Amino acid sequence: MRITRSAGVLAVAGVLALSGCSGTGQEDTSSSDSGSVDLDIAVITHGAPGDSFWDVVRSGADRAADDLGITVDYNSDPDPTRQAELIDNAVSQGVDGIVVSMANPDGLRDSVEAAVAAGIPVITINSGQGQSAEFGAITHVGQDETTAGQAVGTRLNDEGQTGKVLCVIHEAGNVGLEDRCSAVAATYGGQVENLQVDGTDTAQVQDTILSKLQSDPDVGVVLALQGQVAVAAVAAQGDAGTSAEIDTFDISSDVTDAITAGDITFAVDQQPYVQGYLPVSFLYLFATNGNVVGGGQPVNSGPAFITQDNAAEVAEFAANGTR
Amino acid sequence: MSTVAPTRDVDGPPAPTGRVTRVLRRPEVGAAVAALAILIFFTAVADQFLTPSGVGTWLNSASRFGIMAVAVAMLMIGGEFDLSAGAMTGATGLLVGVTTTGFGLNVWVAVLLALVVALAIGALNGVLVVRTGLPSFIVTLGTFFVLQGLDLALVKLVYGQVAVQGFAKVPNFDSVRPLFGGVIEVGGASISVSVLWFLAVTAVATLVLLRTRAGNWVFAVGGAQDSARATGVPVARTKIGLFMTTAAAGWLVGMISLFQSSTVQSSTGVGDEFIYIICAVVGGCLLTGGYGSAVGAALGALIYGMTRQGVVYAGWDSNWLYAFLGVMLLAAVLVNNWVRTRAERMR
């Protein structure tokens, strides 16, 4: 039985390590704050493991949990069937509230409606604004993709751009990203072309954008839909020796650095930290005080434009991983 | 692919060993022990794990992997791999989703059409492998990439978007759904129909492998292909049949996934092919072919499903999910290996 025993020790060690890491922060706050309630909220997103955007959302949710003295469990899966399973899982655990991002609303409909039917308050974030109320969610926290895309198209027109806009889609299957590009195409005066890349492989993204820049001299603007992709685009631009303008959705500390340096012209910030923090605090208010925020309307977390003018002040927050 | 298959005790004359030893020598015993250990482990650390709804959740999760793992295990026993198995689940789902919501094809017709297409791709895989003699690892990697590309490019081209929307509103959806995406209430637990498919596929595969001539052929072509050919086993026909079986299983999982979630997107299934192989190996299949079992692969999928959902039930930081899955799978393989070598020594 030598191997089984050592495997058991290993498993126990793993459990201890893991439970140490997840740090609910529940006991220490509840002992000091007599007014705190024991709430358990599941945050279930479609983010891929290691995605920087979703890491910031998670930071926001974790911070809200710490501030309020409640527990947040974060889980994610880009596959809608598996994300739906995570929701079912949370329902059977009997959590006190669910925060869910709906990149593919149809795939989550049954699970979200089952959660609502089980009496668990649900708030949708980031994607799926159109279906949020229909599925029975209290409210939606996010940035309407179409509004944001139109804002970018208008801004590019105002800048006097006429060249081809290369809209870089980094997640096959995300309806929201497609919406952004088509909204840009609808408002922008010139041509808009979509470029599909694999967002989980940054080196590959850089190579793909490089090939496109080298082969298509008409590209006047590279529009990234995610911070890491924008940084890859800046590197690709350097390699290609072209002079296309680079703009992006979403920010990171690398993006604000590049904006300060003038490599990226502007970033559209949908403020992911807010998308993590607000729904957790909304559910807290709902559970403790019966408050419903938004009055049935979505709560906008953005868009905010970040340019060379205000990049410096955002930069210090981005460095902390909270913007 | 040319290792000699360990002797099986099923067809030959009764071995002069005790019943316990004979049972212990089955490929799936190690996986059974590991599955039990993981079940006990998560029941102990997570309150909700063994509740009816908890069991329903991880069984459903395991079933979609398990159906494929059983088919992939048969193929691996036959000495081949199919890396296109994951993309196949997405491709068949997309075929049905796009033709029905985009072009108004009848759901029943679309589902059958997808099966025909899947079988054709499986046959193509098989014929390419058998005719060229190239490793199936390479051939099916090629079909995998082709499918992944078509899932994105072709769907975007003819459908205009990358995820099927509005599938639940398609006429006749409700008449097909109970077959693939239905839910049965059993004593307070909601058990998905996919779990029944999982049981049925495992039972049929076990029966075929252990009780039929075709099953003997599978072990023979995987264990010693040349000797098998010399003794009159139809090697080409067996292998092509195995590839078509895997493709059909891909279709079944694609339909289950589609009708459960009423959507499918271009990235569906990509990356899952290795999970099927892992489940089969945890279940006692040899990467070299000629040895393994369907029940073992099913248990492998159960281990995977329990661990995946168990980490969530236990409320552990999900950033650690893959690290933890890796440790669990290694532990399962080690336990499996240990049980098997012990059993061999008792011979």
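Chain B appears in an unreviewed UniProt entry as Xylose transport system permease protein XylH from Klenkia terrae. Under the Subcellular location (unreviewed entry) heading, UniProt states for chain B: "Cell membrane". Quoted verbatim from the Function (unreviewed entry) field of UniProt, the annotation for chain B is "Part of the binding-protein-dependent transport system for D-xylose. Probably responsible for the translocation of the substrate across the membrane."

Per its UniProt entry, chain A bears the Subcellular location (unreviewed entry) comment "Cell envelope". As its UniProt record puts it under Sequence similarities (unreviewed entry), chain A is described as follows: "Belongs to the bacterial solute-binding protein 2 family."

Student: Quick question: what am I supposed to make of helix H11 (residues 235–261) of chain B here?
Tutor: The α-helix advances 3.6 residues per turn, and as a result positions three or four apart in sequence lie on the same side. All names here are of chain B. Relative to the 39 Å expected for 27 residues at 1.5 Å per residue, H11 spans 39 Å between its end C-alpha atoms, a close match to the ideal helical length. The buried fraction of H11 amounts to 23 of the 27 residues, a majority that puts the element mostly inside the structure. One or two residues past the end of H11 sits Ser262, with phi positive at roughly 50°.

Student: How do you make sense of the sheet that holds strand E2 (residues 71–76) of chain A when you look at a structure like this?
Tutor: Pairing between the strands of a sheet comes from backbone hydrogen bonds, and it takes one of two forms, parallel or antiparallel. Residues and elements named next belong to chain A. Within the open sheet, the 6 strands sit side by side as E2-E1-E3-E4-E5-E11. Their pairing is parallel. One side of each edge strand has no neighbouring strand; the edge strands of this open sheet are E2 and strand E11 (299–300). Across 4 bridges, the pairing between strand E1 (residues 40–45) and strand E3 (residues 97–101) is parallel. Within the sheet, the bridge partner assigned to Ile41 lies in E3 and is Gly97.

Student: How should I be thinking about the sheet that holds strand E10 (residues 267–269) of chain A in this particular structure?
Tutor: Residue and element names in this part refer to chain A. If you walk across this open sheet you meet the 6 strands as E7-E6-E8-E9-E10-E12, and the pairing is mixed. Both edges of this open sheet fall to strand E7 (192–196) and strand E12 (304–306), since each of them pairs with a single strand only. For this sheet, the mean angle separating the axes of adjacent strands, direction not counted, is 25°. Sheet analysis places strand E8 (residues 219–224) next to strand E9 (residues 245–249), joined by 4 bridges and oriented parallel. Residue pairing across strands places Val221 opposite Glu245, the latter belonging to E9.

Student: Explain the pairing of E1 of chain A to me, please; I cannot follow it from the model alone.
Tutor: Remark: a regular strand shows side chains that alternate across the two faces of the sheet. Residues and elements named next belong to chain A. In terms of burial, E1 is a largely internal element, 5 of the 6 residues being buried. Summarising the sheet, E1 and E2 pair through 6 bridges and their orientation is parallel. Note on E2: the bridge partner recorded for Ile44 is Asn75. The β-α-β motif built from E1, the intervening helix H3 (residues 52–68) and the parallel element E2 has right-handed crossover chirality.

Student: What is the right way to read the interface of chain B and chain A from this model?
Tutor: How big an interface is tends to be stated in terms of accessible area lost as the parts join. Each partner contributes to the interface: chain B provides 41 residues, whereas chain A provides 35 residues. Take the side of chain B that touches chain A: its biggest share by element is 7 residues, from helix H14 (residues 321–345) of chain B. Here the side of chain B that touches chain A is composed, by residue class, of 18 nonpolar, 22 polar and 1 charged.

Student: What am I meant to see in the domain arrangement of chain A here?
Tutor: Residue and element names in this part refer to chain A. When its domains are assigned, chain A resolves into domain 1 (22–142 + 272–292) and domain 2 (145–269 + 308–319). Each of domain 1 and domain 2 has a C-alpha centre, and the two are 29 Å apart. Counted by class, the side of domain 1 that touches domain 2 contains 3 nonpolar, 3 polar and no charged residues.

Student: Just to check I follow, could you spell out the pairing of E8 of chain A for this structure?
Tutor: Residue and element names in this part refer to chain A. Burial analysis of E8 places 5 of its 6 residues in the buried class, which makes it a mostly covered element. Taken together, the 5 bridges between strand E6 (residues 164–169) and E8 define a ladder with parallel strand orientation. Bridge pairing links Val165 to Val221 in E8. Of the crossover connections in this fold, the one passing from E8 over helix H10 (residues 227–240) to the parallel E9 is right-handed.

Conventions used here
Residues numbered from 1 in each chain as written. Chains lettered and ligands numbered in written order. Predicted model: local features only at pLDDT ≥ 70, side-chain atom pairs only at ≥ 80, totals over all residues. UniProt positions renumbered as here; feature names shortened; annotations may be inferred. Helix = DSSP H or I, 4+ residues; strand = E, 2+ residues; numbered from the N terminus. Expected span 1.5 Å × (residues − 1). Buried ≥ 20, exposed ≤ 12 C-beta atoms within 10 Å, placed from the backbone. Pairing = 2+ DSSP bridges. Axes fitted to C-alpha atoms, helices over the stretch in contact; angles between N-to-C directions. Right-handed = clockwise from strand over helix to strand, strands pointing away. Contact = placed C-beta atoms within 7 Å. Nonpolar A, V, L, I, M, F, W, Y, C, P; charged D, E, K, R; others polar. Domains from an automatic or database assignment.

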